[in-house]
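Report on the structure
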Amino acid sequence: MAFDSLSNRLNKALRDLSGKGRLTEKNMEDMLKEVRIALLEADVNYKIVKDFLVRVKEKSLGTDVLEAVDPSSMVVKIVHDEIVELLGTQEATLNYAEDGMTVIMMVGLQGTGKTTSIAKVANLVKKKHNRNPLLVAADIIRPAAIEQLQTLGKSIDVEVFTKGIETPATETVKQAMLYAKEKGYDTVFIDTAGRLHIDEELMNELKEIENLVHPNDILLTVDAMTGQDIVQVAKSFHEQLNVTGLVVTKFDGDSRGGGVLSVRSITQVPVKFVGQGEKIDDLELFYPDRMADRILG
Ligand code: GDP
């Protein structure tokens, strides 16, 4: 699981403080050094680590940790709160339209888990939020993307709208919107084309779809295993599209987690969902507080 190694190192650094009773400034410095190494080894962005440590130190001194009766648990709480701050203090849910249809556009590079994630999120909104979703197959580039979406749609009992690979993606989307209105669907998920790399053609197509439907959410899938690349990918997409949330996939792998910890403060885009496996139910809403608990658990 992502964060395992970070979690072990952080806990060790903080454990070394406990049982010491009163802390000296040297104890604090040693702990901060260890926390620094733990974060850097987890591949957290260098500048973020620097700021993180400054804040932990300031807060610790500000709350007179050195004079406290149980100083180590105060430090743990300070580190916990700073991790929550990094991840985004509030859980970010979907931006449902107040009335009328909600449109969710899914974007991401090929292989990041975009198609799988659409089915996972559609299944979640259907089961947990009582929505009536329609999936739109607007990825006409990757061979078999349409069939994959159809198979997934069938498995969650959700209709898939397609016009095949001969119809341009924007045309498919236009027709899908009319169809969804006519059939009374309240949540439309648009599966868009991915590429191996970000290129102008990909972005232009995505921008065209964005301008056409003005989605309530644009969710970008990023692969936890790619570490700091998450930040670069999120930045590039966000510069061109109004990305409103991330779906971090493959969190069940042994990624170091640094990309996930860095991405929000660099791009301001919150993580909304975490994919934890290949099955439809392997998806969780992202709660910064719970994630921090897990890291320090
Ligand atoms: P797309 O090209 O972005 O549409 O990617 P796919 O949805 O086809 O997924 C690519 C591969 O990643 C597939 O084998 C998926 O089963 C797998 N995958 C997607 N999400 C996860 C996840 O959260 N965990 C794991 N372990 N595998 C995932």
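Quick look at the structure, then. Since we're looking at a predicted model, the values are computed, not measured.

Thresholds, definitions, all that
- Every chain is numbered independently, its residues counted from 1 as its sequence is written.
- Local features in this predicted model are restricted to residues of pLDDT 70 or higher, and side-chain atom pairs are both shown and tallied only at a pLDDT of 80 or more, whereas totals for entire chains, interfaces and linings draw on every residue.
- For the side-chain quantities, the full set of heavy atoms in the structure was used; hydrogens and water were omitted.
- Between 30 and 60 degrees the pair is tilted, below 30 it is stacked and above 60 it is edge-to-face, where a pair is any two Phe, Tyr or Trp rings, Trp via its six-membered ring, whose centres lie within 6.5 Å.
- Here a strand is any run of E in DSSP of at least two residues, a helix any run of H or I of at least four, and the numbering for each starts at the N terminus.
- Note on geometry: a ring has a charge over it if NZ (lysine) or CZ (arginine) is within 6 Å of the ring centre and within 35 degrees of the ring normal.
- Each residue is assigned to one of three classes by its accessible area relative to the maximum for its type, calculated with a 1.4 Å probe on protein chains only: buried under 20%, partly exposed between the two thresholds, exposed over 50%.
- A strand pair is defined by DSSP finding two or more bridges across the two strands.
- When the strands point away from the viewer, a crossover counts as right-handed if the route from the first strand across the helix to the second turns clockwise.
- In this description, contact between two residues means that some pair of their heavy atoms is separated by no more than 4.5 Å.
- For every element, the axis is a line fit to its C-alpha atoms; helices are fit only across the contacting stretch, and the angle between N-to-C directions ranges from 0 to 180 degrees.
- Working definition: residue near molecule or strand if any one of its non-hydrogen atoms lies within 4 Å of it.
- Polar contact is defined as a pair of N or O atoms within 3.5 Å, subject to the rule that within protein one atom must be able to donate a hydrogen and the other to accept it, and that residues adjacent in sequence are counted only when both atoms are side-chain atoms.
- All accessible-area figures derive from a Shrake-Rupley calculation using a 1.4 Å probe, and residue coverage is judged against the displayed protein chains alone.
- Within this scheme a cavity is a closed region of a 1 Å grid, computed over the protein atoms alone, that accommodates a 1.4 Å probe without allowing it to escape, whereas a pocket is open but has protein on both sides within 12 Å along at least five of seven lines; lining residues each have an atom within 4 Å of a point.
- Pocket or cavity membership: a molecule qualifies when more than half of its atoms sit within 2 Å of the grid points of that site.
- Here the nonpolar group is Ala, Val, Leu, Ile, Met, Phe, Trp, Tyr, Cys and Pro; Asp, Glu, Lys and Arg are the charged ones; every other residue, Gly included, is treated as polar.
- By this rule the span expected of a helix is its residue count minus one, scaled by 1.5 Å.
- What the arc measures is the spread of directions leading from the helix axis to the C-beta atoms.
- By definition in this entry, angles of less than 35 degrees are roughly parallel, angles greater than 145 are roughly antiparallel, angles of 65 to 115 are roughly perpendicular, and the rest are oblique.
- If you view the pair so one helix is near and one far, a crossing is left-handed when the near helix is turned anticlockwise from the far one by less than a right angle, and right-handed when it is turned clockwise.
- Just to be clear on terms, a salt bridge is a Lys or Arg side-chain nitrogen sitting within 4 Å of an Asp or Glu carboxyl oxygen.

A short note on the packing of aromatic side chains
- Applying the stated criterion across every chain yields a total of two aromatic pairs.
- For the pair Phe161 and Tyr179, a centre-to-centre distance of 5.2 Å together with 45° between the ring planes defines the contact as tilted. Residue Phe161 is located in strand 3 (residues 160-161), and its partner Tyr179 is located in helix 7 (residues 169-183); the two are separated by 18 residues in the primary sequence.
- For the cation-ring pair, Arg131 lies above Tyr96, with the distance from its terminal atom to the ring centre recorded as 4.0 Å.
- Here the guanidinium or amino end of Arg290 rests over the ring plane of Tyr287, the centre of that ring lying 3.8 Å away.

Notes on the pairing of strand 6 (residues 245-249)
- Judged by how many residues are buried, strand 6 sits mostly within the fold: five of five residues are covered.
- Burial of strand 6 is two-sided: the residues Gly245, Val247 and Thr249 facing one way and the residues Leu246 and Val248 facing the other way are all buried.
- Across five bridges, the pairing between strand 5 (residues 217-223) and strand 6 is parallel. Considered in strand 6, the bridge of Thr221 is made with Val247.
- Handedness of the crossover is the feature at issue here: the chain leaves strand 5, passes through helix 9 (residues 229-240), returns alongside strand 6, and the resulting connection is right-handed.
- In the classification by handedness, the crossover that spans strand 6, the intervening helix 10 (residues 258-267) and the parallel strand 7 (residues 271-275) is right-handed.

Description of the sheet that holds strand 2 (residues 133-138)
- Ordered by their spatial adjacency, eight strands build an open sheet running 3-2-4-1-5-6-7-8, and the pairing between neighbours is mixed. The open sheet has two free edges, formed respectively by strand 3 and strand 8 (283-285), since each of these has just one partner strand.
- Helix 5 (residues 114-128) contacts strand 1 (102-108), strand 2, strand 4 (187-192), strand 5, strand 6, strand 7 and strand 8 of the sheet and is inclined by roughly 175° relative to strand 4.
- In the packing of helix 7 onto the sheet, the strands contacted are strand 1, strand 2, strand 3 and strand 4, and the crossing angle to strand 2 comes to about 165°.

Re the side chain of Asn123
- Along the chain, Asn123 falls in helix 5.
- Ignoring anything within four residues of it in the chain, the contact list for Asn123 reads Ile156, Ile280 and Asp281.

Things to note about the site of the ligand
- Near the ligand, the surroundings consist of 18 residues, among which Lys114, Thr115, Thr116, Asp252 and Glu278 are the closest.
- A distance of 2.9 Å separates an oxygen atom of the ligand from a polar backbone atom of Gly113.
- At 2.9 Å from an oxygen atom of the ligand is found a side-chain nitrogen or oxygen belonging to Gln148.
- For the ligand, whose unbound accessible area comes to 580 Å², protein coverage reaches 80%.
- Applying the majority rule of atoms within 2 Å of the grid points places the ligand in the largest pocket.
- The leading source of residues in the shell around the ligand is helix 5, at four residues.
- When grouped by side-chain class, the residues that make up the shell around the ligand number one nonpolar, eleven polar and six charged.

Some words on helix 7
- Compared with the 21 Å implied by 1.5 Å per residue over 15 residues, the 21 Å span of helix 7 between its first and last C-alpha is a close match.
- For helix 7, the set of buried residues is Ala169, Thr170, Thr172, Val173, Ala176, Met177 and Ala180. Down the axis of helix 7, the smallest arc covering the buried residues is 150°, so these residues share one side. Seen from the buried face of helix 7, the exposed residues on the opposite side, beyond 90 degrees, are Leu178 and Glu182.
- Summarising the contacts, the buried residues of helix 7 are in contact with strand 1, strand 2, strand 3, strand 4 and helix 8 (200-213).
- Looking one or two residues beyond helix 7, the residue adopting positive phi is Gly184, at roughly 80°.

Some words on unusual backbone geometry
- In this structure, Asp157 is a non-glycine residue whose phi angle is positive, near 60°.
- Residue position: Asp157 is located in the loop between helix 6 (145-155) and strand 3.
- For Asp157, a relative accessible area of 64% corresponds to the exposed category.
- Despite not being glycine, His214 has its phi angle at roughly 40°, a positive value.
- The residue His214 is located in the loop between helix 8 and strand 5 in this model.
- Overall, the relative accessible area of 58% leaves His214 in the exposed class.

Considering the packing of helix 5 against helix 6
- One way to put it is that helix 5 packs onto helix 6 with a least axis distance of 10 Å and a crossing angle of 25°. It follows from the interaxial angle that helix 5 and helix 6 lie roughly parallel. Handedness of the crossing formed by helix 5 with helix 6: right-handed. Counted together, Thr115, Thr116, Ile118 and Ala119 of helix 5 and Gln148, Leu149 and Leu152 of helix 6 form the full contact between these two elements.

Some thoughts on the pattern of salt bridges
- Tallied over the entire structure, the rule returns 16 salt bridges.
- For Lys272, the salt bridge is made with Asp217, and the minimal N-O distance between the two is 2.9 Å. Taken together, the positions of Lys272 in strand 7 and Asp217 in strand 5 put the pair 55 residues apart, joining distant regions of the chain.
- Residue Lys272 is classed as buried on the basis of its relative accessible area of 3%.
- Take Asp217: its relative accessible area is 1%, and that puts it in the buried class.
- For Lys250, the salt bridge identified is with Asp223, shortest N-O distance 3.6 Å. Note that Lys250 is positioned in the loop between strand 6 and helix 10 and Asp223 in strand 5, a separation of 27 residues in sequence.
- You can call Lys250 partly exposed: its relative accessible area is 33%.
- Look at Asp223 and you get buried, because its relative accessible area is 12%.
- One salt-bridge network, in which partners are shared between bridges, spans Arg9, Glu34 and Glu41.

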